[in-house]
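Here are the chains, one letter per residue:
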Amino acid sequence: METRLQTVLITGVSGGIGYELAKLFARDRSNLVLVARSAEKLAHVAAELQNQFGVTVRTVPLDLASPAAPRFLFAQLQRENVQIDILINNSGFGVFGEFSAMPEDEILGQIQLNIAALTHLTRLFLAPMLTRHQGRIMNVASTAAFQPGPLMAVYYATKAYVLSFSEALANELRGSGVSVTCFCPGPTNTGFAKRAGNEGSRLFKQFGGMNAETVARDGYRGLMKGKTIVISGAHNWLVAESVRFAPRKMVTAVSRWISEKVD
């Protein structure tokens, strides 16, 4: 009998970490369901992966910031009898600026995509995994999850939610056959900083970001090993651990200093 290849659903694959994760799974002969807003970019990525690795790639152009989008996606895949073995919740965005001056749609948009959509997708795709007693879920957070983030207050808070939610869910699912991994990359050279408007911050100009391919490889390995928390890069791991022991006011002040823009 022919062995069924596993199918991986990845959101936010137009570029950066999501795109690199898609390549890693395709290289290891997984079929893919790719979700992003841009149909054009999705088609380009799908053609590349199909031609290079010979896997099946479905694309779903969809704005997951719409409250109805997660249910729409799940229902469509159910109709097409597509079984999702691994869910990668990678979609998300941040916005630089003081909370009081930030447009309301940017504030609520971050919460909808980074928290609500991720939670809804996890709930929807978890149920079939539990029925099969097998599955993996990766929720992509950030090292921002470990401390408050003045000048990106909402983004940092959403990632703290993702970390807390994922750790709790991983505990609840012990022994179920379904693992939950919270992936926490540090600064990474992707389109995130330009979208967020913080490419001129100390974080990116003076400290710099990691290569997206390297970061994705760390996340992939951690997911496949069933780790609950994965932090890419030894430096990022040390920073995330150190904030646990420092005074909170100091942590917050340093976080702001790093996020401030420099000439």
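Above this text sits the structure in question.
Within each chain, residue numbers correspond to sequence positions counted from 1 in written order. Reporting of local features is limited, given that this is a predicted model, to residues whose pLDDT is at least 70; pairs of side-chain atoms are given and counted only at 80 or more, and all residues count toward the totals for whole chains, interfaces and linings. Side-chain measures were taken over the full set of non-hydrogen atoms in the model, leaving aside hydrogen atoms and water.

Caption draft 1: Fine view of the side chain of Ser-259. Here Ser-259 shows up in helix 10 (residues 248-259). Leaving out residues up to four positions away in the same chain, Ser-259 has contacts with Phe-96, Pro-150, Leu-151, Tyr-156 and Ser-201. Only DSSP runs of H or I with at least four residues qualify as helices, and only runs of E with at least two residues qualify as strands; both kinds are numbered from the N terminus onward. Contact criterion: two residues are considered in contact whenever any of their non-hydrogen atoms come within 4.5 Å of each other.

Caption draft 2: Region of the structure containing the sheet that holds strand 2 (residues 31-36). Within the open sheet, the seven strands sit side by side as 3-2-1-4-5-6-7. Their pairing is parallel. Strands with a single pairing partner mark the edges of an open sheet, and in this sheet they are strand 3 (57-61) and strand 7 (229-231). Direction aside, the axes of adjacent strands within the sheet are offset by 15 degrees on average. In this scheme, strands are said to pair when DSSP sees at least two bridges between them. Bridging between strand 6 (residues 178-184) and strand 7 involves three bridges; their strand directions are parallel. Each bridged residue has a counterpart across the sheet, and for Cys-182 the counterpart in strand 7 is Ile-229. As a rule, the C-alpha atoms of each element are fitted with a line to give its axis, helices using only the stretch in contact, and angles between N-to-C directions run from 0 to 180 degrees. Helix 1 (residues 16-27) contacts strand 1 (7-11), strand 2, strand 4 (86-89), strand 5 (135-140) and strand 6 of the sheet and is inclined by roughly 170 degrees relative to strand 1.

Caption draft 3: Local environment of the nonpolar core. The criterion is simple. A nonpolar core is a set of buried Ala, Val, Leu, Ile, Met, Phe, Trp, Tyr and Cys residues joined through side-chain atoms within 4.5 Å. The buried label goes to any residue with under 20% of its type's maximum accessible area, the exposed label to any with over 50%, and the partly exposed label to all in between, with areas taken from a 1.4 Å probe on protein chains only. Among the nonpolar cores identified, the biggest contains 44 residues, and Leu-9, Leu-64, Leu-73, Leu-77, Phe-125 and Phe-146 are the most heavily contacted of them. Of all the elements in the fold, those that place two or more residues in this core are strand 2, helix 3 (69-79), helix 4 (104-132), helix 5 (153-172) and strand 6. Here this core takes nine residues from helix 4, the largest share from any one element. Residues within four places of Phe-146 in sequence aside, it is in contact with Leu-163, Cys-184, Ile-231, Ala-240, Val-243 and Arg-248. Counting 30 residues, the second largest nonpolar core, distinct from the first, contains Ile-10, Ile-17, Ala-22 and Ile-88.

Caption draft 4: The pattern of salt bridges, seen in detail. A carboxyl oxygen of Asp or Glu within 4 Å of a side-chain nitrogen of Lys or Arg is what we treat as a salt bridge. All chains considered together, the criterion is met by seven salt bridges. Linking Lys-23 and Glu-20 is a salt bridge whose minimum nitrogen-to-oxygen distance equals 3.4 Å. Highlighted residues: Lys-23 and Glu-20, both in helix 1, separated by three residues, approximately one helical turn. According to the relative accessible area criterion, Lys-23 is partly exposed, its value standing at 22%. Across the pair Arg-256 and Glu-98 runs a salt bridge whose closest N-O atoms are separated by 4.0 Å. With Arg-256 in helix 10 and Glu-98 in the loop between strand 4 and helix 4, the pair connects residues that are 158 residues apart, well separated along the chain. Looking at Arg-256, the relative accessible area reads 34%, which means it is partly exposed. Linked by salt bridges that have partners in common, Glu-98, Arg-256 and Glu-260 make up one network.

Caption draft 5: Molecular detail of the packing of helix 1 against helix 2 (residues 39-53). Taken N-terminus to C-terminus, the directions of helix 1 and helix 2 make an angle of 25 degrees; their axes are 10 Å apart at the nearest point. For the element pair helix 1 / helix 2, the angle class is roughly parallel. Once helix 1 is placed against helix 2, the crossing between them reads as right-handed. Along its contact with helix 1, which presents Tyr-19, Ala-22, Lys-23, Ala-26 and Arg-27, the element helix 2 presents Val-45, Glu-48, Leu-49 and Phe-53. Gly is put with the polar residues, along with every residue not named as nonpolar or charged; the nonpolar set is Ala, Val, Leu, Ile, Met, Phe, Trp, Tyr, Cys and Pro, and the charged set is Asp, Glu, Lys and Arg. Each residue belonging to the contact of helix 1 with helix 2 can be placed in one class, and the counts come to six nonpolar, no polar and three charged. Small angles under 35 degrees read as roughly parallel and large ones over 145 as roughly antiparallel, with 65 to 115 read as roughly perpendicular and the rest as oblique. Each crossing is labelled by how the near helix is turned from the far one, with a counterclockwise turn of less than a right angle marking it left-handed and a clockwise turn marking it right-handed.

Caption draft 6: Examining the state of the cysteines more closely. Whenever a pair of cysteine sulfur atoms sits within 2.5 Å, that pair is classed as a disulfide. Scanning the model with the defined rule gives zero disulfides in all. Here Cys-182 stays free of any disulfide, with the sulfur of Cys-184 as its closest cysteine sulfur at 3.9 Å.

Caption draft 7: Inspection of the packing of helix 4 against helix 5 at higher detail. Put simply, helix 4 and helix 5 touch, their axes get as near as 8 Å, and they point 15 degrees apart. With respect to helix 5, the axis of helix 4 lies roughly parallel. You can see that helix 4 and helix 5 cross each other, and the crossing is right-handed. Between helix 4, through Ile-107, Gln-110, Ile-111, Asn-114, Ile-115, Leu-118, Thr-119, Thr-122 and Leu-126, and helix 5, the contact on the second element is made entirely by Val-154, Tyr-155, Thr-158, Lys-159, Tyr-161, Val-162, Phe-165 and Leu-169. Among the residues making up the contact of helix 4 with helix 5, the classes are represented as eleven nonpolar, five polar and one charged.

Caption draft 8: Focus on the environment of Tyr-161. Mapped onto the secondary structure, Tyr-161 falls in helix 5. Overall, Tyr-161 belongs to the partly exposed group, its relative accessible area being 29%. Linking Tyr-161 and Thr-188, residues 27 residues apart in sequence, is a C-alpha distance of 20 Å. Non-local contacts of Tyr-161, meaning those with residues more than four positions away in its chain, are made with Ile-115 and Thr-119.

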